[in-house]
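# Observations on chain architecture
Chain residues, written in single-letter form:
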Amino acid sequence: MPEAPKNSSKQTEHYNLEEKNTKALEFIEDVTSNADEVQKRVLAEILSRNAHVEYLRRHGLNGRTDRETFKKVAPVITYEDIQPDISRIANGDTSQILCSKPISEFLTSSGTSGGERKLMPTIQEEMGRRSLLYSLLMPVMSQFIPDLEKGKGMYFLFIKSESKTPGGLVARPVLTSYYKSSHFTERPYDPYTNYTSPNETILCSDSYQSMYSQLLCGLCQHKEVLRVGAVFASGFIRAIRFLEKHWRLLCNDIRTGTLNAQITDPAVREAAGRILSRADPKLADFVETECRKESWQGIITRIWPNTKYVDVIVTGTMSQYIPTLDYYSNGLPLVCTMYASSECYFGVNLNPLCKPSEVSYTLIPTMAYFEFLPVHRNNFNGVTTNSLPVPKSQLSEKEQLELVDLVDVKLGQEYELVVTTYAGLYRYRVGDVLRVDGFKNKAPQFNFICRKNVVLSIDSDKTDEVELQNAVKNAVHHLVPFDANVSEYTSYADTTTIPGHYVLYWELSLKGSTPIPPSVFEDCCLTIEESLNSVYRQGRVSDKSIGPLEIKIVEPGTFDKLMDYAISLGASINQYKTPRCVKFAPIVELLNSRVVSKYFSPKCPKWVPGHKQWCNNHEQ
C-alpha cells in the first residue's frame, strides 16, 4: 500500500531526504524499544480523554485510566455488542457515546455483519495517525533499494462509492476516505510520492475511466517507473488484464496524442491530457510490439524496464495471486509494506524484500492499545477439520484472563488481535489471526494467518461459513419441485480467471425422475449471489472485481472420496467434517475430476451503495 501521492513539481529548498529517513527509522527504533511504556501511555491517554463517554461509564470504569482496572471491568467485544451504539450515532445522536471527540465519519469494513458492511467510527485526528504510518514505509524501503526517489511509482488506486447515514455522516471505505482527504490531495513535496497517476485519475468514480487513464499515464512515463503496485494483488492483476484487453486503444491515444472519447470526465481529460501532451508514435510502436507477442510473461519488466519491485498485499487470501504476479513480473520481489484495516492502522514490514510466505509486520505501539487472545486450530495439509469457532458475543471470565499484552506474546503462538482505539473501540475483536514470528527490540512481529471464519475471498470481499450456508440454503429451494437436494457441498475461490469468481461444488441427492433444467441451476447461482453481503455484490456490480458465481455438480460419492483423502493425510475420522472451502491443489483437482456439469450466474445480483435501510439516502 503506497503513501499518499501528491502531484507536484514544486521542490522545497530545505527538503532533506536523508534526514527525514533517519528520523523515521529512529522513531521505529524508539517505540519498539519502549513498547510496553508506549502502550501504557496510549491506553491512559485514550481512557482519560474518553473518561466521561457513555460506553465507559456504562461499564463502571469511573474515570480510571490504569490497565488493571480497564481489563477487569471492560468486556472483550465483537461488532454485534456495539451495533446499537453505532446505530444511534448513524441516526444522528451526537452525544458522547463512544468517544469524547465528534465522530467525523464511518469507515465501512469489508467484514460483514448480517450481510452488511460494518461501520467503524473514526475521528479527524486518526487521519494523522494513518499518515504517520504511511510516512514510515519508504524510509524502511530505502534501506533495501536505494535511489527510489529518482523515479516514479505506478500505482493503481481507486475510490469506491460512499453513502450517508440518516444522521448525515459519510460512510465509505478507509482508503476512499484517505484519498479524498487533504492529507492525500495537498501533501507537501516528497520525492517518494512522485506518482504516474494524477490525483484526478484516482479520484474519478467511474472505474473504467479511472483504470484507463491511470494505465495511459503509466505507459507515457514508462521509463521513469521504478516500482509498481496496487493495494491488493487482485487489483494489480486486474490492471494488467485491462491492458491486455485495451492496449490497442491506449496505443492509438499515444500515437495520435489525443485521449479516447470514452474518457468523458473533464478533470480526468485535463490531467491525463497534460501527461499525454503530444503524439509519440515511437512509444506506441514499442507498447504495441510487446502487447502483440503471444506470451505476456514478464510484461511488467518488458514495458516498464526499470521496475525494482511490485508493491501489493499478498498475505492472507491474496496469496492465491502470487503465481500470476510472478508470471507477469518475471519474478520481481513482491513487497507487502503495511498492515491496516478499517478499525485501525497497525504496523509495517521491516523486512520488505522477504518472501511473501515469510512476511511479518511489526505493530507500531502508538497506533492503538493492542491485546491478544490465544487461538488454537486443527489443520491437516490444507484441510481444516474443525474451523475456528464463530466469535461469541462475550468471552467467559477464564477466556478474558487469557488475553495478553503486546510485549507478552509468545514466539510461534497464534492470537486473535484485540484493539482499543482513540476513536471509540474498546477491547474490540478485529477478527484477524496472527502468529508471532519474532521481535523488533521489544515489539513482536506477526505473520498474518487468516481472517477469522472467512472461507471465501476474491478481492476485498469476505464471506464466512454461516453466510455461505444460508446462501446455499436459499438456493436449494429451487430444487424442491424436482424432489432433489444438496447432500454435500464445498467452495473454492477460483483466481485462474480474471476477475476471479466463487465456485461451489454440489453433490446432489436425487429422488425425482424429472431432469433438472440448466436454468434452475442458473437460478441457484443467482440466488446465492443475491444472498451474499453487499461487499461481494458491489464487487460483482460496480467494481467488476468478481466474476459470475459458478456451481459445479459432482458425481455421487465425491465427498466420500474427499473424506478418504483427508484421513489419508492424518485427519481424525471422529473429528472430520466436510470443509466448506478448499484451497489445497490436490483436493481441487480431485473435485474437478468428478464434475459432471457446470453452471454460471446469468446476471449480476442487485446492489446499491449504503446499508439496506438507507437506500433512499445513498449517493452515487
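Remember, it's a predicted structure, so these values are computed and weren't measured experimentally.

### Thoughts on the overall build of the protein
Of regular secondary structure, the protein possesses 21 helices and 24 strands. The proportion of buried residues among the 620 residues of the protein is 56%. Partitioning the intrachain contacts of the protein with sequence separation of at least 6 by distance along the chain shows that 73% fall at a separation of at least 24. For the protein, the accessible surface area stands at approximately 25,300 Å², while carbon and sulfur atoms represent 50% of it.

### Some points on the sheet that holds strand S7 (residues 309-313)
Strand order across the open sheet formed by four strands is S3-S6-S7-S8, with parallel pairing between neighbours. Unpaired on one side and paired on the other, strand S3 (152-156) and strand S8 (334-335) mark the two borders of the sheet. Contacting S3 and strand S6 (225-232), helix H10 (residues 207-220) runs over the sheet at an angle of about 160° to S3. This element, helix H11 (residues 233-256), spans S3, S6 and S7 of the sheet and lies at about 120° to S6.

### Some points on the environment of Gly-438
Note that Gly-438 resides in strand S17 (residues 428-440). With relative accessibility at 12%, the residue Gly-438 sits in the buried group.

### Brief notes about the sheet that holds strand S23 (residues 550-554)
An order of S21-S22-S23-S24 is seen for the four strands of this open sheet, with the pairing classed as mixed. If you trace the sheet from one side to the other, it starts and ends with strand S21 (484-494) and strand S24 (595-600), each paired once. For this sheet the average axis-to-axis angle between neighbouring strands, irrespective of direction, equals 25°. Where strand S22 (residues 501-510) meets S23, five bridges bridge the pair, whose relative direction is parallel. In the sheet register, Leu-504 faces S23, and the bridge partner there is Ile-551.

### Overview of the nonpolar core
Side chains of nonpolar character tend, in soluble globular proteins, to be buried together. One finds Phe-236, Phe-370, Leu-417, Leu-479 and Trp-506 to be the most contacted residues of the largest nonpolar core, which totals 172 residues. The element best represented in this core is H11, accounting for eleven residues. With near-sequence residues (within four places) excluded, Leu-417 lies in contact with Tyr-339, Phe-346, Leu-363, Phe-370, Glu-371, Phe-372, Tyr-428, Arg-429, Val-430, Gly-431, Asp-432 and Leu-434.

### A word on the pairing of S7
When you tally the buried positions in S7, you get five out of five residues, the bulk of the element. Burial along S7 is two-sided: Tyr-309, Asp-311 and Ile-313 and Val-310 and Val-312, pointing in opposite directions, are all buried. Of the strand pairs in this sheet, S6 and S7 are connected by four bridges, and their pairing is parallel. Pairing of Val-228 across the sheet is with Val-310, part of S7. Inspection of the sheet shows S7 paired to S8 by two bridges, in the parallel sense. Bridge assignment links Val-310 to a residue of S8, and that residue is Leu-334.

### Quick word on helix H19 (residues 534-541)
An α-helix turns once every 3.6 residues. As a result, residues three or four positions apart point the same way. Burial analysis of H19 places seven of its eight residues in the buried class, the great majority of the element. Restricting attention to buried positions, one finds in H19 the residues Ser-534, Val-535, Tyr-536, Arg-537, Gln-538, Gly-539 and Arg-540. N-cap assignment for H19: the residue whose side-chain oxygen lies 3.0 Å from the backbone N of Val-535 is Asn-533.

### Section: the side chain of Thr-108
Note that Thr-108 resides in strand S1 (residues 105-113). Since its relative accessible area comes to 7%, Thr-108 is described here as buried. With near-sequence residues (within four places) excluded, Thr-108 lies in contact with Arg-117, Lys-118, Leu-119, Ala-171, Arg-172, Pro-173 and Ser-342.

### A look at the pattern of salt bridges
Applying the stated rule across the entire model yields 36 salt bridges. Here Arg-172 makes a salt bridge to Glu-162, at a shortest N to O gap of 3.2 Å. One end of the pair, Arg-172, is in strand S5 (residues 170-172); the other, Glu-162, is in the loop between S3 and strand S4 (163-164), with ten residues separating them in the sequence. Between Glu-162 and Lys-180 there is a salt bridge whose closest N-O contact spans 2.9 Å. Placement of Glu-162 in the loop between S3 and S4 and of Lys-180 in the loop between helix H7 (174-179) and helix H8 (182-185) is noted, with a sequence separation of 18 residues between them.

### Side note on the packing of aromatic side chains
The final tally for this structure, using the stated rule, is 19 aromatic pairs. Note on Tyr-212 and Phe-242: the rings are 6.5 Å apart at their centroids and 80° apart in plane angle, and the pair reads as edge-to-face. Pair noted here: Tyr-212 is in helix H10 and Phe-242 is in helix H11, with a separation of 30 residues, a long-range link. Of the two residues, Tyr-212 and Phe-242, both sit in the buried class. Between Phe-521 and Tyr-599, the aromatic rings sit 4.7 Å apart at their centres with planes inclined by 20°, giving stacked as the arrangement. Of the two residues, Phe-521 is situated in helix H18 (residues 518-531) and Tyr-599 in strand S24; the sequence distance between them amounts to 78 residues.

### Focus: the environment of Val-588
With respect to the helices and strands, the residue Val-588 is situated in helix H21 (residues 585-592). Given the relative accessible area of 8%, Val-588 is considered buried. When the C-alpha positions of Val-588 and Leu-562 are compared, they lie 9.8 Å apart, and in sequence the two are 26 residues distant. Apart from the residues lying within four places of it in its own chain, the contact partners of Val-588 are Tyr-492, Tyr-505, Val-582 and Lys-583.

### Remarks on the state of the cysteines
Evaluated as defined, the whole model comprises zero disulfides. The thiol of Cys-525 is unpaired, and the distance to the nearest cysteine sulfur, on Cys-524, comes to 7.0 Å.

### Considerations on the side chain of Glu-414
With respect to the secondary-structure elements, Glu-414 resides in strand S16 (residues 414-420). Since its relative accessible area comes to 10%, Glu-414 is described here as buried. Of note is the side chain of Glu-414, whose polar atom sits 3.1 Å from the side chain of Arg-435.

About the cut-offs
- Residues numbered from 1 in each chain as written.
- Predicted model: local features only at pLDDT ≥ 70, side-chain atom pairs only at ≥ 80, totals over all residues.
- Heavy atoms only, no water.
- Helix = DSSP H or I, 4+ residues; strand = E, 2+ residues; numbered from the N terminus.
- Buried < 20%, exposed > 50% of the residue type's maximum accessible area, 1.4 Å probe, protein only.
- Contact = heavy atoms within 4.5 Å.
- Areas by Shrake-Rupley, 256 points an atom, 1.4 Å probe, with all protein chains shown as cover.
- Pairing = 2+ DSSP bridges.
- Axes fitted to C-alpha atoms, helices over the stretch in contact; angles between N-to-C directions.
- Core = buried A, V, L, I, M, F, W, Y, C linked by side-chain atoms within 4.5 Å.
- Polar contact = N/O pair within 3.5 Å; in protein donor to acceptor, adjacent residues only side chain to side chain.
- Salt bridge = Lys/Arg side-chain N within 4 Å of Asp/Glu carboxyl O.
- Phe/Tyr/Trp six-rings, centres within 6.5 Å; stacked < 30°, edge-to-face > 60°.
- Disulfide = S-S within 2.5 Å.

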